Amino acid sequence: MKKEDTVKLISAEGFEFVIDKNAAMVSQTIRNMLTSPGGFAETEHREVRFPEISTTILEKICQYFYWSLQYASGKETEFYIEPELTLELMMAANYLHT
């Protein structure tokens, strides 16, 4: 995968997730950050920091992005969410418009 086809998402603890740009675009918020005109740092560096989202939650969000792409292409599988992550995950999903 080419570097221009990837996006780096950085959690509150500084952990970096390098994911496919198409997967990241599942989030309307990330899409806006990466495609907005005006020379924003996120657009130029393909890097988005989330100082309020923990590594555990951001990892689950990245998994969801890939699951969503598969689901959209017709592959219907379950997406399991651990009960202890539910509240934080819902807040992050609300922010990311996923």
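Heads up: these notes are all about the structure in this document. (Residues numbered from 1 in each chain as written. Predicted model: local features only at pLDDT ≥ 70, side-chain atom pairs only at ≥ 80, totals over all residues. Heavy atoms only, no water.)

This part takes up the environment of Tyr64. The residue Tyr64 is located in helix 4 (residues 55-72) in this model. Assessed through its relative accessible area of 24%, Tyr64 is described here as partly exposed. Here Tyr64 is in contact with Val26, Phe79 and Thr98, once residues within four sequence places are set aside. (Helix = DSSP H or I, 4+ residues; strand = E, 2+ residues; numbered from the N terminus. Buried < 20%, exposed > 50% of the residue type's maximum accessible area, 1.4 Å probe, protein only. Contact = heavy atoms within 4.5 Å.)

Our next topic: the sheet that holds strand 1 (residues 6-10). Pairing within the open sheet is mixed, and its three strands lie in the order 2-1-3. Each edge of the open sheet is held by one strand with a lone partner, namely strand 2 (16-20) and strand 3 (47-49). On average, each strand axis in the sheet is tilted by 25 degrees relative to the strand beside it, whichever way the strands run. The pairing of strand 1 with strand 3 spans three bridges and is classified as parallel. (Pairing = 2+ DSSP bridges. Axes fitted to C-alpha atoms, helices over the stretch in contact; angles between N-to-C directions.)

Turning our attention to the packing of aromatic side chains. A full pass over the atoms with the stated rule returns six aromatic pairs. Here the aromatic rings of Trp67 and Tyr71 are separated by 5.1 Å at their centres, their planes lie at 25 degrees, and the arrangement is stacked. One end of the pair is Trp67 and the other is Tyr71, both in helix 4 and four residues apart, which spans about a single turn. Residue classification places Trp67 among the buried positions, given a relative accessible area of 17%. Put simply, the rings of Tyr64, Trp67, Tyr71 and Phe79 touch in pairs and so form one group of aromatic residues. (Phe/Tyr/Trp six-rings, centres within 6.5 Å; stacked < 30°, edge-to-face > 60°.)

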